[in-house]
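Remarks on the overall topology
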Amino acid sequence: MKNILFVNCCIRKEASRTKKLADFFVDELEKTGDYKITELCLMDEGMTYLSEGFFHQRDDLLAQKDFSHPRFRYAHAFAQADKIVVAAPFWDLSFPALLKTYIENLCVEGITFGCNEQGCFGTCEADHLAYVTTRGGFYEGTPMEMGSKYMEVMCQFFGIEKYDCIFAEGLDMGLRSVEEILLEAMEKGKELALTF
Ligand SMILES: Cc1cc2nc3c(=O)[nH]c(=O)nc-3n(C[C@H](O)[C@H](O)[C@H](O)COP(=O)(O)O)c2cc1C
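First things first, this report covers the structure right here in the doc. Per-chain numbering applies: the sequence of each chain, read as written, is numbered from 1 onward. In keeping with the model being predicted, local features are shown solely for residues with a pLDDT of at least 70 and side-chain atom pairs are shown and tallied solely at 80 or more, while totals for entire chains, interfaces and linings include all residues. Neither water nor hydrogens contribute to the side-chain values; these are computed over all heavy atoms in the structure.

Glancing now at helix α3 (residues 73-80). Each residue's exposure class comes from its accessible area (1.4 Å probe, protein chains only) as a fraction of the maximum for that residue type: buried when under 20%, exposed when over 50%, partly exposed otherwise. Strands here mean DSSP runs of E at least two residues long; helices mean DSSP runs of H or I at least four residues long; both are numbered from the N terminus. Taken residue by residue, α3 has Tyr74, Ala75, Phe78 and Ala79 as its buried positions. Projected down its long axis, α3 carries its buried residues within an arc of 125 degrees, all on one side. Packed against the buried residues of α3 are β1 (2-8), β2 (35-41), β3 (83-87), α4 (97-106), β6 (128-134) and α5 (147-158). Summarising the geometry, the arc corresponds to the directions from the helix axis toward the C-beta atoms. It only takes one pair of heavy atoms within 4.5 Å for two residues to be counted as in contact.

Dropping the structure here:
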């Protein structure tokens, strides 16, 4: 059985359309019987971004190569997962700051990546990350979509080979029913769940 880490950054929690789409995808994965899923709800974590004392503590621990501190638990869990699902709404052309805060906590040299004379290389176990998002307008394939794009490049940085984005967009445009748009995206999620 493989371990899936499900990182939930759907700020509006149960009211979130992104969460509905992500739940559907995760349920499809669960149905295969191949995975044990662990959800990390970022909204419940009280996570801190790097500044002042929190930043210096990290520097001191890294200088001592002490990776056992509880602050590194997010990086360890991410580095050890077999597959990863991240869900976040499209905000301000990318995603909520809470997800960036999580990423700051993940980027730990010696846990999720390493460096040598040639540069940095990812050290995460996962071979596939799926990013689930919903957007109010239409941005797919435009240079203004920087949420999925950023996550894809972070996967390369972490050494995760495969990346897919399950998205629903135009949800706030009033052109089609939200239900209909979400159902279409769910169908894509269903397909991906078979090859994840
Ligand atoms: C703070 C905030 C910023 C947003 N920024 C954008 C944006 O830049 N472009 C866009 O198309 N929609 C934007 N939206 C709309 C959301 O992407 C859209 O409503 C999405 O479906 C929300 O997901 P949720 O239901 O999971 O919360 C924004 C919404 C909020 C609350």
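Here 4 bridges tie strand β4 (residues 113-116) to strand β5 (residues 119-122), and the two strands are oriented antiparallel to one another. Each bridged residue has a counterpart across the sheet, and for Gly114 the counterpart in β5 is Phe121. Hairpin connection from β4 to β5: 2 residues lie between these consecutive antiparallel strands. Pairing between strands is defined by DSSP: at least two bridges between the two strands are required.

Let us look at a nonpolar patch on the surface. A patch consists of residues whose relative accessible area exceeds 30% and which take part in no salt bridge; residues with like charges are grouped when within 9 Å of each other, and nonpolar side chains (Val, Leu, Ile, Met, Phe, Trp, Tyr) when within 5 Å. All accessible areas in this document rest on Shrake-Rupley with a 1.4 Å probe, and a residue is counted as covered only by the protein chains that are shown. In what follows, salt bridge is the name for a side-chain nitrogen of Lys or Arg lying within 4 Å of a carboxyl oxygen of Asp or Glu. A grouping of Phe138, Met173 and Leu175 is seen on the molecular surface, where their side chains present a nonpolar patch of about 340 Å² in accessible area. For Phe138, the location among the structural elements is in the loop between β6 and α5.

In spatial order, the strands read β2-β1-β3-β6-β7; together these 5 strands make up an open sheet with parallel pairing. At either margin of the open sheet sits one strand with a lone partner, and together these are β2 and β7 (162-168). In this sheet, neighbouring strand axes are inclined to one another by 15 degrees on average, regardless of whether the strands run parallel or antiparallel. Summarising the sheet, β1 and β3 pair through 5 bridges and their orientation is parallel. Of the residues in β3, the one forming a bridge with Ile4 is Lys83. To define axes, lines are fitted to C-alpha atoms, for helices over the stretch in contact only, and angles between the resulting N-to-C directions are given on a 0 to 180 degree scale. Contacts from helix α1 (residues 17-31) reach β1, β2, β3, β6 and β7, with the element oriented near 145 degrees to β6.

Before going further, it helps to examine the environment of Ser148. Turning to its location among the elements, Ser148 is positioned in helix α5. Sequence-wise, Ser148 and Thr133 are 15 residues apart; in three dimensions their C-alpha atoms are separated by 8.1 Å. Once you skip the residues sitting within four places of it in the chain, Ser148 turns out to touch Tyr131, Arg135, Tyr163 and Cys165.

Attention shifts here to the pattern of salt bridges. Considering all chains together, one arrives at 11 salt bridges under this definition. For Lys19, the salt bridge identified is with Glu14, shortest N-O distance 3.6 Å. Across the pair Lys31 and Glu28 runs a salt bridge, and its minimum N-O distance is 2.8 Å. Of the two residues, Lys31 and Glu28 both sit in helix α1, 3 residues apart, roughly one turn of that helix. When salt bridges with common partners are traced through the structure, they connect Arg135, Glu140, Glu145 and Glu169 into a single cluster.

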